[in-house]
Amino acid sequence: MSRRALMAILSGAALLMAGAGTAAAGSVTYGPNNTVIVAQDISDAITLDPQVAYEFTSVAAAHLMYSTLTQFPLENLTKPEGEVATSWTETDNGQNWVFHLRKGLKFWNGDPLTSADVVYSLERAVDITTSPAGWLVTQTGLTPQNVAQDIKAVGPYEVTMHLPQAFAPGAWLAILANSVTGIVDMKVVEQHVVKGDYGSHWLYDHSAGSGPYVLQQWQPAQVLSMTANPNYNLGPAPQVKRVVWQEMSDTTTRLDALQRGNADVAIGLTAAQLASLKGNPNVKILKVPQIAQVYMGMNVGVPGLNNPLVREAIKYAIDYPAIVKDLVQGDGIEEQGIIPKGIFGYSPSLPFGYNVAKAKALMKKAGYAKGFTVSMLVPTGTIGNTVSAEALAEVIKSDLAAINVNVNLKLMQSSALYSQYRAQTAQLVLAEWELDYPDPQDFAGPFADYTDKSLIWRLKDYSKPLSLLAQKAATMQDTPARAALYTQLFNDMKTGPFAIIYQPDEVIAYSSKLGHVTYDDVNNIDFQNMSKS
Amino acid sequence: MGFFAYAIRRVALMVLVLLGVTAITFVLTHVVPVNPVLAYVGDHAPQSVVVAVEKQMGLNLPLPEQYAVYLWNLVHGNLGTSIANQQPVSYDLGLYLPATLELSTAALLVVIVVGMATGVVSALYRNTWIDQIARLFALGGVSLPVFFTALVFLGVFYVLLGWLPGPGQLGPYTVAPPHITGMVVVDALLSGDWSTLGDALRHLVLPAVVLGWASTGVVARMVRSSLLEVLGADYVRTARAKGLAERTVVLRHALRNALIPTLTVVGLSYGSLLQGAVLTETIFAWPGIGRFATASVTDLDVPAVLGVTLVAAIIYSFVNLIVDLLYAGVDPRISYG
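Throughout, residues of each chain are indexed from 1 in the direction in which the sequence is written. Labels follow written order: the first chain is A, the first ligand is 1, and so on. Only residues with pLDDT of 70 or above have their local features reported here, since the model is predicted, and side-chain atom pairs are shown and tallied only from 80 upward, although totals for entire chains, interfaces and linings are computed over all residues.

### Side note on the overall build of chain B
Then comes step 1: We count a stretch as a helix when DSSP gives it H or I for four or more residues in a row; a strand needs E for two or more, and each element gets its number in order from the N terminus. For chain B, the count of helices and strands is 14 helices and 0 strands.
Then comes step 2: Taken from N to C terminus, the helices and strands of chain B fall in the order α-α-α-α-α-α-α-α-α-α-α-α-α-α.
Then comes step 3: A principal-axis box enclosing the C-alpha atoms of chain B has dimensions of 85 × 55 × 40 Å.
Then comes step 4: Here the C-beta atoms are placed from the backbone, and a residue counts as buried if at least 20 other C-beta atoms lie within 10 Å of its own, exposed if 12 or fewer do, and partly exposed otherwise. Each of the 337 residues in chain B was classed as buried or not, and the buried ones make up 42%.

Here you go:
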């Protein structure tokens, strides 16, 4: 063997050994038994800063990385309990609060969690005025000008809060369980503040929380992975040591990954794909009512739609049972009030049975027996988790054709749709509204109070009685009196601008190797208590 | 005109081209009646948040003023802030560009190796069944849409045969190497993480082949026709008459001259590859600039769209310049002046 060849071999061997050593000395890796892979479209995530994150993926991730003052028990969103807070008192019908914190809590890096971190985090939610999520906190009247005096640390384990506006106590506790109030390590975040950005650029793709998981890697629209927090002491250590969300925008790819065992969980499969998994011994299906609604909005400023009899007729003309049974394939329930099932104030009443004869009679009474033509904005992609929005729009179009309402469908990207919807130029619009926090005000406000400049305002319905009802109910505790107001709202909105089509289910397909798989709209998938065999 | 003077003149012209590109892109992105802020704030945020973001981004200013601010920032090396995620556009480009560079370079290797080999074989065995197969291969690359090829290759090699992994840069159980260049293969190599390197290379095969096949066909056809032309030249006849081995005649004498037009095609191919293999990156979930461009255009994220367009224009112009300058090295007859 030549000297040159020998040197080459020895150099290669040295490199190999160095590489092996480097790999061994690198970060801890977890094998398949300790890792759960989630196949999902994660391209919606914009940032992992908890005070700014507002998309499905980023909120789910923030929830795992950050603790909050309160939390909801798994699969029970009726009453919050303490997480970082052990107890609290409220006075003046929820405008003044005192929270007592657990002692000895730590962030992922071992820093102690104290009241200063809680106050800092809530201030961030208010001070970052461009945050899409901050309004959840600022709707209480907190502003950058008053937050420093209204939210204070009293010693290391007590926080006092004064909410400038009357606000339902249950709603505030629910918001304090939302990731927008996720507690960040003030010391660490302050070190990364650049040009007054509140550390947001750094928190975009880093974590500084005390939740059960720590961010390992985030490549936007590619992969998001977390590992178990070694210093987590708010509960039992997670059995699943690593969670990986793998970007799979195509549902067929997700289904294939689940069936091959390359993914443990698949989210967002179509109704037909879910049906194809029935009978597969390696896959289980979890179906949970989502606290959300798929609805059609009617702009009351449009000729035809401005007649309450016409709006009522349209609601009678839609075949809701057929939509839920045939199109949605049972992955949802009929629901016609503005407050969905699972929240205080829900009513199971279905006043609009499918009745074409009655719809035609109403159209005739309104002077529109010959009907009219109107356009409907339809988003691309799925709606209600499992259904093509275009397919649903076609069904509604067909239903309305029976009463001579001719609908021209305009399929468009969400950004284009919401540009027109927010500009009050949509005639009909097919959309959905999902939960922010489990309190009826989260739905009643946008759907009934035009002063919010939200959904009902976009449809040009400036009803003062509805607005006053919603505002009054918004400040109340969950009492029979509050429930009665929402019942009244339900009845008064029968000729309103919303046809609630159905309440969708969240359907998750997962490997039978996983144990203790739960889902709800606040806790999302509970990886902390999940097991994998 | 000397070499350096020529290069400087070309760079100066490039700047004018880039200015025109930004102006046209800026106007086009503002013609569409979509509020780009909505992609960031979402549907639930109140109007006050929409207004606050518009003000922070300067979107409430008149259009000419917005463009002037953009150019001023550009001259100072600031590509602006993405409306969709409020991060510096340069930061986002830094995240996505390495993946495209990695994929495009791998595809280019496929183009050069396979394309040239196919072209040479096809020329040497002209009008035989070998030539027919080679030409069919080239035609397939040029004719078949990339999305079709990608889906078929995934279906066959991943789903059916299981020989190669599915979409993504790495498998779900593989931890990414430390970030050095942003290119996973290179970073794994530099950090000595051989198992990650192997996984990354396996994931690179399918998208690189799919992306490279189209340009492979073009290069193969160009090499074939150029080589056939050169093989009929007097100096090649002389070389054969001198008793040189056919391999020497082809590789040392004929191929070098046949490479001149091929160089142009290869250069232009690299430019095309780098501009964002949108469909390939989408189907293979490759986190490159193509996917970033798609998302930016969909959301009408004007600063991001301008940034991507600028990068694509710079790359294309630069690659063309390099190709033109390389001619002098390949063909001593060429001079600048």
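Now that the structure is up, let's keep going.
### Details of the overall build of chain A
Then comes step 1: Tallying secondary structure elements over chain A gives 19 helices and 24 strands in all.
Then comes step 2: Its C-alpha atoms give chain A a radius of gyration of 26 Å, near enough to 24 Å, the size a compact globule of 533 residues would have.
Then comes step 3: Burial status across chain A gives 55% buried among its 533 residues.
Then comes step 4: Considering only contacts in chain A between residues 6 or more positions apart, those separated by 24 or more positions represent 70%. In this description the radius of gyration comes from C-alpha coordinates, and the expected globular size is given by 2.2 Å times residues to the power 0.38. By the convention adopted here, residues make contact when the C-beta atoms placed from their backbones lie within 7 Å.

### Here's the deal with the nonpolar core
Then comes step 1: Core membership is restricted to buried Ala, Val, Leu, Ile, Met, Phe, Trp, Tyr and Cys residues, and these are joined into a nonpolar core through C-beta atoms within 7 Å. With 262 residues, the main nonpolar core has A:Leu430 and A:Ala444 as its most contacted residues.
Then comes step 2: With 17 residues, helix α9 (residues 194-231) of chain B is the largest single contributor of residues to this core.
Then comes step 3: Once residues within four sequence positions are removed from consideration, A:Ala444 is found in contact with A:Ile338, A:Ile339, A:Ala470, A:Ala473, A:Ala474, A:Tyr486 and A:Leu489.

### Side note on unusual backbone geometry
All names here are of chain A.
Then comes step 1: Of note, Ala-221 is a non-glycine position whose phi angle comes to about 60°, a positive value.
Then comes step 2: Topologically, Ala-221 is positioned in the loop between β8 (213-219) and β9 (223-228).
Then comes step 3: For Ala-221, a count of 21 C-beta atoms within 10 Å gives the class buried.
Then comes step 4: Even without being glycine, Gln-329 reaches a positive phi, approximately 55°.
Then comes step 5: Considering the arrangement of structural elements, one finds Gln-329 in the loop between α12 (320-327) and β14 (332-333).

### Description of the sheet that holds strand β7 (residues 158-162) of chain A
Residues and elements named next belong to chain A.
Then comes step 1: When DSSP finds two or more bridges between a pair of strands, those strands are recorded as paired. The 4 strands are arranged β4-β5-β7-β6 in an open sheet whose pairing can be described as antiparallel. Here the strands that pair on one side only, and so sit at the sheet edges, are β4 (85-91) and β6 (151-153). Between one strand and the next, the sheet's axes are offset by a mean angle of 15°, whatever the strand orientation.
Then comes step 2: As paired elements, β4 and strand β5 (residues 96-101) share 6 bridges and run antiparallel to each other. Residue pairing for β5: Thr-91 is matched across the bridge by Asn-96.
Then comes step 3: The axes are straight lines fitted to the C-alpha atoms, using for helices just the contacting stretch, and the angles between their N-to-C directions are given from 0 to 180°. Its contacts with the sheet place helix α3 (residues 115-127) against β5, β6 and β7, and it is angled at close to 160° to β6.

### A short note on the interface of chain A and chain B
A common way to state how big an interface is: give the accessible area lost once the parts meet.
Then comes step 1: At the interface, 42 residues of chain A touch 41 residues of chain B.
Then comes step 2: Broken down by secondary-structure element, the contributors of at least two residues to the side of chain A that touches chain B are α1 (3-25), β1 (35-40), β8, β10 (242-247), α9 (251-260) and α15 (414-422) of chain A.
Then comes step 3: Here the residues of the side of chain A that touches chain B are counted per class, giving 15 nonpolar, 21 polar and 6 charged. Basically, the charged four are Asp, Glu, Lys and Arg, the nonpolar ten are Ala, Val, Leu, Ile, Met, Phe, Trp, Tyr, Cys and Pro, and anything else, Gly included, counts as polar.

### As for helix α2 (residues 56-65) of chain A
All names here are of chain A.
Then comes step 1: Within α2, 9 of the 10 residues are buried, which leaves it mostly tucked inside the rest of the structure.
Then comes step 2: Taken together, the buried positions of α2 are Thr-57, Ser-58, Val-59, Ala-60, Ala-61, Ala-62, His-63, Leu-64 and Met-65.
Then comes step 3: As for α2, its buried residues are in contact with β8, β9, β10 and β23 (524-525).

### Details of the packing of helix α6 (residues 129-143) of chain B against α9(B)
When two helices pack together, you describe them by how their axes are tilted relative to each other and by the distance separating the axes.
Residue and element names in this part refer to chain B.
Then comes step 1: Put simply, α6 and α9 touch, their axes get as near as 7 Å, and they point 135° apart. Between α6 and α9, the interaxial angle falls into the category oblique. The two elements α6 and α9 cross, and the hand of that crossing is left-handed. Contacts between α6 and α9 involve Ala-134, Ala-138, Leu-139, Gly-140, Gly-141 and Val-142 on the former and, on the latter, Trp-213, Ala-214, Thr-216, Gly-217, Val-218, Ala-220 and Arg-221.
Then comes step 2: For the contact of α6 with α9, the per-class residue count stands at 8 nonpolar, 4 polar and 1 charged. These descriptions rest on fixed angle ranges, namely under 35 degrees for roughly parallel, over 145 for roughly antiparallel, 65 to 115 for roughly perpendicular, and the rest for oblique. Whether a crossing is left-handed or right-handed is set by the direction in which the near helix is turned from the far one by less than a right angle, anticlockwise for left-handed and clockwise for right-handed.

### What about the environment of A:Ser531?
Residues and elements named next belong to chain A.
Then comes step 1: Relative to the elements of secondary structure, Ser-531 occurs in strand β24 (residues 531-532).
Then comes step 2: On the basis of neighbour count, Ser-531 is assigned to the partly exposed category, with 14 C-beta atoms found within 10 Å.
Then comes step 3: With sequence-adjacent residues up to four places away left out, Ser-531 is seen in contact with Gln-239, Gly-515 and His-516.

### So, the confidence of the model for chain A
Then comes step 1: One number per residue, pLDDT, summarises how confident the predictor is, and it ranges from 0 to 100. The share of residues in chain A with pLDDT of 70 or more is 95%, and the mean pLDDT across the chain is 92.
Then comes step 2: Across residues 6-27 of chain A, where pLDDT falls below 50, the model places 15 contacts with residues more than four positions away in sequence or in other chains.

### Describing the packing of α9(B) against helix α11 (residues 246-274) of chain B
Residues and elements named next belong to chain B.
Then comes step 1: Put simply, α9 and α11 touch, their axes get as near as 8 Å, and they point 160° apart. With respect to their mutual orientation, α9 and α11 come out roughly antiparallel. Between α9 and α11 lies a crossing of right-handed hand. Contact residues: Leu-211, Ser-215, Val-218, Val-219, Met-222, Val-223, Ser-226, Leu-227, Val-230 and Leu-231 in α9; Ala-254, Leu-255, Asn-257, Ala-258, Pro-261, Thr-262, Val-265, Val-266, Ser-269, Ser-272 and Leu-273 in α11.
Then comes step 2: The residue makeup of the contact of α9 with α11, split by class, is 15 nonpolar, 6 polar and no charged.

### Observations regarding the pairing of strand β15 (residues 372-379) of chain A
Residue and element names in this part refer to chain A.
Then comes step 1: Alignment of β15 against strand β18 (residues 405-412), held across 8 bridges, turns out to be parallel. From the neighbouring strand, Met-376 faces β18, where its bridge partner is Leu-409.
Then comes step 2: Two strands pair when backbone bridges link them, and β15 and strand β19 (residues 428-434) are joined in this way by 2 bridges, in the parallel orientation. The partner of Met-376 across the bridge, within β19, is Leu-428.

### Points about the confidence of the model for chain B
All names here are of chain B.
Then comes step 1: Per-residue confidence for chain B gives a mean pLDDT of 86; residues scoring 70 or more make up 96%.
Then comes step 2: Mean pLDDT across the elements of chain B bottoms out in α11 (77) and peaks in helix α8 (residues 184-190) (95).
Then comes step 3: As scored by the predictor, the complex reaches a pTM of 0.86 and an ipTM of 0.81.

### Concerning the environment of A:Ala393
Then comes step 1: Following the sequence through the fold, A:Ala393 ends up in helix α14 (residues 389-401).
Then comes step 2: Sequence separation between A:Ala393 and A:His162 is 231 residues, and the spatial gap between their C-alpha atoms is 46 Å.

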